[in-house]
Amino acid sequence: MRIALSTGGGDAPGLNAVIRAAVLSATSRGWDVLGICRGYYGLLGEDQILSLTRNSVRGIAHLGGTILRTTNRGNPFAFPVRQDDGSYIEVDRSGEMLANIERLGIDAIVTIGGDGSLRIAQQLHDRGVHIVGVPKTIDNDVSGTITTFGFDTAVNTAIEALDKLHTTAESHDRVIVMEVMGRHAGFIALHAGVAASADVILIPEIPFDLEVVCEKVRARDRSGRHFSIVVVAEGAFQSGGEQSLMGDSLPGQDKRVGGIAGRLAWQIQERTGKESRSLVLGHLQRGGSPTGYDRLLATRFGGAAIEAVEQGKWGEMVALQSPHIVTVPFAEALREPKRVDPSHDIVRTARAAGISFGA
Ligand code: F6P
């Protein structure tokens, strides 16, 4: 049996722990393991194909990033090709990829990625490729699995930052607005905000009213708490308004949400008279060594992916449905993205504790 591993989409702490567990589990079965570099680029002659052995993965479980590197612009069915005039066209290079899978004698692919990678995996499965998925994203927005590795590490990075912001905000009687990642989901903001005792948590799933946010700041001021911590998900937006979009996406990339924190801090300062500052935690949430929780979950996912290959569970992804790791068909996982449920106990308890969601 010869299998090939691929990591696609935004990186996440824990990827290397998945790769290590998959390589060790596969080689213990006497299988051959290849590593496709940079998403599927390695299968399109645009990057390397590595041979992965026990030695290749020695000591990488605690390392952030991915030894295979990754891309979020590598869809073989819509491959971005730059034209002489600087514009891009999208070319279907899936035929070339399928031919290379055949030529390399690859029996199965394990793709480690988020919803974008899983959507490509579904198309490859539909064309007869033996493929198994491992859900990966710091956003935790993949349905079918309670959580994805990378999420716990990102939340802890945000908590650490919010703890630091409390001391400086209180020292200056300031409002500090911190923007966190999550794309169209608010899980990072919600979990980090509650755990770090934020005063306001703004998420895409609960469109907010700016006046409600400002009234929370004023009420804290009146009660003698002259500072406020606001954590805002990058995809959050005012009711009746739109998400804030960054202008830097390249062809083949999703439009990036973000840039809300600076404007929100200014609006709060304008309306409340409270000095306000903002920051964007950005890619710090994607880096660093995975937490113990993420290393264990990633290791479990890697081992379970090899078991899924052994059982021929093509077109399925491993998933955490506590206390077990199961497999879920791509179609089920992709039917609709996972979002924060505004009636979830975390939201209810946060509200009861006095946290405002701006609505
Ligand atoms: O999907 C993971 C993620 O980190 C999102 O939370 C974020 O919006 C996006 O990727 C950033 O993408 P890039 O790494 O291309 O800037």
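Note that this is a predicted model, so its numbers are computed, not measured.

Undergrad: Break down the overall build of the chain for me, with residues and values.
TA: Along the backbone of the chain there are 10 helices and 13 strands. In terms of overall dimensions, the chain is globule-like: its C-alpha atoms have a radius of gyration of 22 Å, near the 21 Å expected for 359 residues. Counting only C-alpha atoms and orienting by the principal axes, one finds that the chain spans roughly 70 × 50 × 35 Å. A buried classification covers 53% of the 359 residues belonging to the chain. Taking contacts inside the chain between residues at least 6 apart in sequence as the whole, the part at least 24 apart equals 71%. Looking at the chain as shown, the accessible area adds up to about 14,900 Å², and 49% of this sits on carbon and sulfur atoms. Charged side chains in the chain number 37 positive and 41 negative. The centres of these two groups are separated by 3 Å.

Undergrad: Explain the site of the ligand to me, and be specific about the residues and the numbers.
TA: Around the ligand, the structure places Asn 72, Thr 137, Ile 138, Asp 139, Met 181, Gly 182, Arg 183, Glu 234, Arg 256, His 283 and Arg 286. At 2.9 Å from an oxygen atom of the ligand is found a side-chain nitrogen or oxygen belonging to Asn 72. The separation between an oxygen atom of the ligand and a polar side-chain atom of Asp 139 is 2.7 Å. Contact with the protein chains removes 85% of the 400 Å² of surface that the ligand exposes when unbound. In this structure, the ligand is accommodated by the largest pocket. Residue composition of the shell around the ligand, by class: 2 nonpolar, 4 polar and 5 charged. Mapping the shell around the ligand onto the domain boundaries places at least three of its residues in each of domain 1 (2-149 + 290-322) and domain 2 (154-287 + 341-352).

Undergrad: Now, about the sheet that holds strand S3 (residues 49-51): what can you tell me, with residues and values included?
TA: Within a beta sheet, neighbouring strands are joined by backbone hydrogen bonds and run either parallel or antiparallel to one another. Read across the open sheet, the 7 strands follow the order S3-S2-S1-S6-S7-S12-S13; overall the sheet is mixed. Of all strands in the sheet, those bounded by a partner on one side alone are S3 and strand S13 (324-329). For this sheet the average axis-to-axis angle between neighbouring strands, irrespective of direction, equals 30°. One ladder, built from 5 bridges, connects strand S1 (residues 2-7) with strand S6 (residues 108-113); its direction is parallel. By the bridge assignment for S6, Ala 4 is matched with Ile 109. Sitting on the sheet, helix H1 (residues 15-28) is in contact with S1, strand S2 (32-36), S6 and strand S7 (131-135), with an inclination near 180° to S1. Relative to the sheet, helix H8 (residues 292-310) contacts S1, S6, S7, strand S12 (316-321) and S13, its axis offset from that of S12 by approximately 140°.

Undergrad: How would you summarise the packing of helix H4 (residues 151-172) against helix H5 (residues 187-195) if you had to cite specific residues and measurements?
TA: The interhelical angle for the contact between H4 and H5, taken along N-to-C directions, is 45°, at an axis separation of 9 Å. Regarding the angle of H4 to H5, the classification is oblique. As H4 packs across H5, the resulting crossing turns out to be right-handed. Seen from H4, the contacting residues are Phe 151, Ala 154, Val 155, Ala 158, Ile 159 and Leu 162; seen from H5, they are Phe 187, Ile 188, His 191, Ala 192, Gly 193 and Ala 195. Its residues assigned to classes, the contact of H4 with H5 comprises 10 nonpolar, 2 polar and no charged.

Undergrad: Describe in detail the nonpolar core, supporting the description with residues and values.
TA: Core analysis: the largest hydrophobic core is formed by 69 residues, its most contacted members being Ile 3, Leu 5, Val 134 and Phe 149. Among the elements that line this core, the one with the most residues is H4, at 9 residues. Both domains that furnish three or more residues to this core are identified here as domain 1 (2-149 + 290-322) and domain 2 (154-287 + 341-352). In this structure, Leu 5 is in contact with Ile 19, Ala 22, Val 23, Val 33, Leu 34, Gly 35, Ile 36, Leu 52, Leu 68 and Val 110, ignoring residues within four places of it in sequence. Counting 27 residues, the second largest nonpolar core, distinct from the first, contains Tyr 40, Phe 79, Ile 106 and Met 317.

Undergrad: A description of unusual backbone geometry should follow, citing residues and the corresponding values.
TA: A cis geometry characterises the amide bond from Ser 322 onward to Pro 323, with omega recorded as 0°. Checked against the element boundaries, Pro 323 lands in the loop between S12 and S13. The phi angle at Asp 173 is positive, at roughly 50°, despite the residue not being glycine. Following the sequence through the fold, Asp 173 ends up in the loop between H4 and strand S8 (175-180).

Each value, and the rule that gives it
Residues numbered from 1 in each chain as written. Predicted model: local features only at pLDDT ≥ 70, side-chain atom pairs only at ≥ 80, totals over all residues. Heavy atoms only, no water. Helix = DSSP H or I, 4+ residues; strand = E, 2+ residues; numbered from the N terminus. Rg over C-alpha atoms; globule rule 2.2 N^0.38 Å. Buried < 20%, exposed > 50% of the residue type's maximum accessible area, 1.4 Å probe, protein only. Contact = heavy atoms within 4.5 Å. Areas by Shrake-Rupley, 256 points an atom, 1.4 Å probe, with all protein chains shown as cover. Lys, Arg positive; Asp, Glu negative; His and termini not counted. Charge placed at Lys NZ, Arg CZ, Asp CG, Glu CD. Near = heavy atom within 4 Å. Polar contact = N/O pair within 3.5 Å; in protein donor to acceptor, adjacent residues only side chain to side chain. 1 Å grid on protein atoms, 1.4 Å probe; cavity = no way out; pocket = protein on both sides within 12 Å on 5 of 7 lines; lining within 4 Å. Sits in = over half its atoms within 2 Å of the grid points. Nonpolar A, V, L, I, M, F, W, Y, C, P; charged D, E, K, R; others polar. Domains from an automatic or database assignment. Pairing = 2+ DSSP bridges. Axes fitted to C-alpha atoms, helices over the stretch in contact; angles between N-to-C directions. Parallel < 35°, antiparallel > 145°, perpendicular 65-115°, else oblique. Left-handed = near helix turned anticlockwise from the far one by under 90°. Core = buried A, V, L, I, M, F, W, Y, C linked by side-chain atoms within 4.5 Å.

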